[in-house]
Amino acid sequence: MVKLNKIYTRTGDDGTTGLVDGSRLEKHALRMEAIGAVDEANSMLGFAALALDKGEHADALFRIQNDLFDLGADIATPAEQGDDFAPSQMVLRIVAAQVDWLEARIDEANARLQPLTSFVLPGGSEAAARLHLARASSRRAERSMTALAGTAPTNPQALAYINRLSDYLFVLARVANADGADDVKWVPGANR
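Residues numbered from 1 in each chain as written. Predicted model: local features only at pLDDT ≥ 70, side-chain atom pairs only at ≥ 80, totals over all residues. Heavy atoms only, no water.

**A look at the nonpolar core**
What counts here: In plain words, nonpolar cores are sets of buried Ala, Val, Leu, Ile, Met, Phe, Trp, Tyr and Cys residues tied together by side-chain atoms within 4.5 Å. Accessibility here uses a 1.4 Å probe with only protein chains present; expressed as a share of the type maximum, an area under 20% marks a residue as buried, one over 50% as exposed, and anything in between as partly exposed. Counting from the N terminus, the helices are DSSP H or I runs at least four residues long and the strands are E runs at least two residues long. Should any heavy atoms of two residues lie within 4.5 Å, those residues are considered in contact.
Counting 46 residues, the largest nonpolar core has Leu61, Ile64, Leu68, Leu71 and Tyr168 as its most contacted members. If you list the elements that add at least two residues to this core, you get helix H1 (30-49), helix H2 (56-75), helix H3 (96-110), helix H4 (126-149) and helix H5 (156-176). If you tally residues by element for this core, the top one is H5, at 11 residues. With residues up to four places along the chain from it excluded, the contact list for Leu68 reads Val38, Ala41, Asn42, Leu45, Tyr161, Ile162 and Leu165.

Below, the structure written as structure tokens:
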């Protein structure tokens, strides 16, 4: 259980921040960049959810927002080389079941859609535009996480989760565009 009595602590005034294991690092470190990018993606999901009718898809975004807090905790818990990234009472990790859940949502949503015959521009309806913003933000989080993974052990399930998230948001944006009927198609070279 998290209990916050005070919002500011002044401990970060020196440009460092604390991790789950008690260690501190600079706020501009790759790990903190990844945590911040996941936080930004989470905020974009909240913005996108406001444009969706209450129901299945909005509920899915709220569930994903919770998973993104898990993902932030996973990234904020440094691992040693060779760690298996298994969760425990004290260590929160993204697990395969969370990735599987996202894949099932992608398959369900994609089953409603006609195959793409062109790339689509981010837009169409307001809901789709917001979902595309969240998708682009999740891609930024993925780039930050893979940069971290190039320098420090990173949970493979966390990397899979953030990769699937952008796929899900893309498909859901198409669903929000009248199941793809209102997608705005890219016309290569149209303005030459």
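There is more to say after this.
**Some points on the side chain of Thr77**
With respect to the helices, strands and loops of the structure, Thr77 is situated in the loop between H2 and H3. On the basis of relative accessible area, Thr77 is assigned to the buried category, the value being 9%. What Thr77 contacts, discounting residues up to four positions off in sequence, is Val20, Val91 and Arg93.

**Details of the pattern of salt bridges**
Condition: Salt bridges are defined by distance alone: a side-chain nitrogen of Lys or Arg within 4 Å of a carboxyl oxygen of Asp or Glu.
If you walk through the whole model with that rule in mind, you get 9 salt bridges. Residue Arg164 is joined to Glu103 by a salt bridge in which the shortest nitrogen-to-oxygen separation is 2.7 Å. A residue pair is termed long-range when its members are at least 10 positions apart, and Arg164 in helix H5 and Glu103 in helix H3 qualify at 61 residues. On the accessibility criterion, Arg164 (21% relative accessible area) is partly exposed. Given the relative accessible area of 28%, Glu103 is considered partly exposed. One salt bridge in this structure joins Arg139 and Asp167, with 3.4 Å as the shortest N-O distance. Taken together, the residues span a long stretch of sequence, with Arg139 in helix H4 and Asp167 in helix H5 at a distance of 28 residues. Given the relative accessible area of 29%, Arg139 is considered partly exposed. On the basis of relative accessible area, Asp167 is assigned to the partly exposed category, the value being 29%.

**Digging into the packing of aromatic side chains**
Put simply, the rule reads: Put simply, two rings from Phe, Tyr or Trp (the six-membered ring, in Trp's case) pair if the centres are within 6.5 Å, and we call them stacked under 30 degrees between planes, edge-to-face over 60, tilted for the rest. A ring is scored as having a charge over it whenever the NZ atom of a lysine or the CZ atom of an arginine sits within 6 Å of its centre and within 35 degrees of its normal.
All told, the structure shown has 1 aromatic pair when counted by the stated rule. Relative to Trp186, the ring of Phe119 lies with its centre 5.7 Å away and its plane at 50°, an arrangement referred to as tilted. Remark: Trp186 occurs in the segment after strand E4 (184-185) and Phe119 occurs in the loop between H3 and strand E3 (120-121); sequence separation between them is 67 residues. Of note, Arg130 hangs over the ring of Phe47, and the distance from its end group to the ring centre comes to 3.9 Å.

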